[in-house]
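# Fold and geometry: a report
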Amino acid sequence: AQSVTQLGSHVSVSEGALVLLRCNYSSSVPPYLFWYVQYPNQGLQLLLKYTTGATLVKGINGFEAEFKKSETSFHLTKPSAHMSDAAEYFCAVSEDDKIIFGKGTRLHILP
Amino acid sequence: NAGVMQNPRHLVRRRGQEARLRCSPMKGHSHVYWYRQLPEEGLKFMVYLQKENIIDESGMPKERFSAEFPKEGPSILRIQQVVRGDSAAYFCASSPRPPGFLSQPQHFGDGTRLSIL
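Everything in this summary refers to the structure shown in the same document.

Take the overall build of chain B next. Secondary structure summary: chain B contains zero helices and eleven strands in total. When its helices and strands are written in sequence order, chain B yields β-β-β-β-β-β-β-β-β-β-β. Over its C-alpha atoms chain B spans a radius of gyration of 13 Å, differing by no more than 12% from the 13 Å that the globule rule assigns to 117 residues. Overall, the C-alpha framework of chain B stretches about 40 × 25 × 25 Å when taken along its three principal axes. Out of the 117 residues in chain B, the part that is buried amounts to 45%.

Encoded structure:
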């Protein structure tokens, strides 16, 4: 079975600083990988996805992630944090007909 | 296009009652997925349905939980004789194609927050 590990259940960064949210996965086959964002009392919104091809994937709101097969990682980054980025972020991998989610990282933005 | 619509947004039930959660997929989507999110946890897959068929229910608890997606109307997640441990957020997602096309991601609703008194 595939799994996703997100390092750090809470991450705090200052406004304008680099955002780095870590994600490692385990998969026996080439994975489809996703990052979702969840704002309070809302559903999940897709930030970006990796399927095949270019390993650096650009998403919405200035986020990007790089697929590194040798490290089985798919870390999410944003060069400059904004207050509106405060939310919970979920890394996920596809498995058959379902999506396997990590436990999430809550991102706090400090003024 | 309207997104995935779930209702109610909040549902309160007493122990032993039944809870019915509804999900209307996006227009043109015939594949529906239910997930459960416990506090401080990610979403856990429960069941995958197509119209009138349950395709994969490997994540469903063996008792008290059932799901359907009739030919007409929304998908329903039904929880009988609810217990405190059923308190969670339940999310529905839909997609226009079978899971083999997972480059097309699932689209999520805003969820139903179920509270058991």
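Now that the structure has been shown, we can carry on.
As a further point, take the sheet that holds strand β8 (residues 75–79) of chain B. Residues and elements named next belong to chain B. The strand order β1-β3-β8-β7 describes an open sheet built from four strands, whose pairing is antiparallel. Of all the strands in the sheet, the pair left with one neighbour each is β1 (5–7) and β7 (65–68). Between one strand axis and the next, the sheet turns by 15° as a mean value, whatever way the strands run.

For the rest of this paragraph, the subject is the pattern of salt bridges. Residues and elements named next belong to chain B. Enumeration over the complete set of coordinates arrives at eight salt bridges over all chains. The residue Asp 110 makes a salt bridge to Arg 9 at a minimum N-O spacing of 3.9 Å. Remark: Arg 9 occurs in the loop between β1 and β2 (10–13) and Asp 110 occurs in the loop between β10 (107–108) and β11 (112–116); sequence separation between them is 101 residues. We classify Asp 110 as partly exposed; its relative accessible area is 33%.

In this section: the state of the cysteines. Note: disulfide means a covalent bond formed between the sulfur atoms of two cysteine side chains. Residue and element names in this part refer to chain A. Inspection of every chain in the model, using the stated rule, returns two disulfides over all chains. Disulfide pairing places Cys 23 opposite Cys 91 at an S-S distance of 1.9 Å. Taking the torsion about the S-S bond as the criterion, the Cys 23 to Cys 91 disulfide, at about -65°, is left-handed. One end of the pair, Cys 23, is in strand β3 (residues 19–26); the other, Cys 91, is in strand β9 (residues 87–95), and 68 residues separate them in sequence.

Tracing the backbone shows Lys 27 of chain B in the loop between β3 (19–24) and β4 (31–37). For the pair Lys 27 of chain B and Gly 42 of chain B, spaced 15 residues apart in sequence, the C-alpha to C-alpha distance is 27 Å.

How each quantity is defined
Residues numbered from 1 in each chain as written. Chains lettered and ligands numbered in written order. Predicted model: local features only at pLDDT ≥ 70, side-chain atom pairs only at ≥ 80, totals over all residues. Heavy atoms only, no water. Helix = DSSP H or I, 4+ residues; strand = E, 2+ residues; numbered from the N terminus. Rg over C-alpha atoms; globule rule 2.2 N^0.38 Å. Buried < 20%, exposed > 50% of the residue type's maximum accessible area, 1.4 Å probe, protein only. Pairing = 2+ DSSP bridges. Axes fitted to C-alpha atoms, helices over the stretch in contact; angles between N-to-C directions. Salt bridge = Lys/Arg side-chain N within 4 Å of Asp/Glu carboxyl O. Disulfide = S-S within 2.5 Å.

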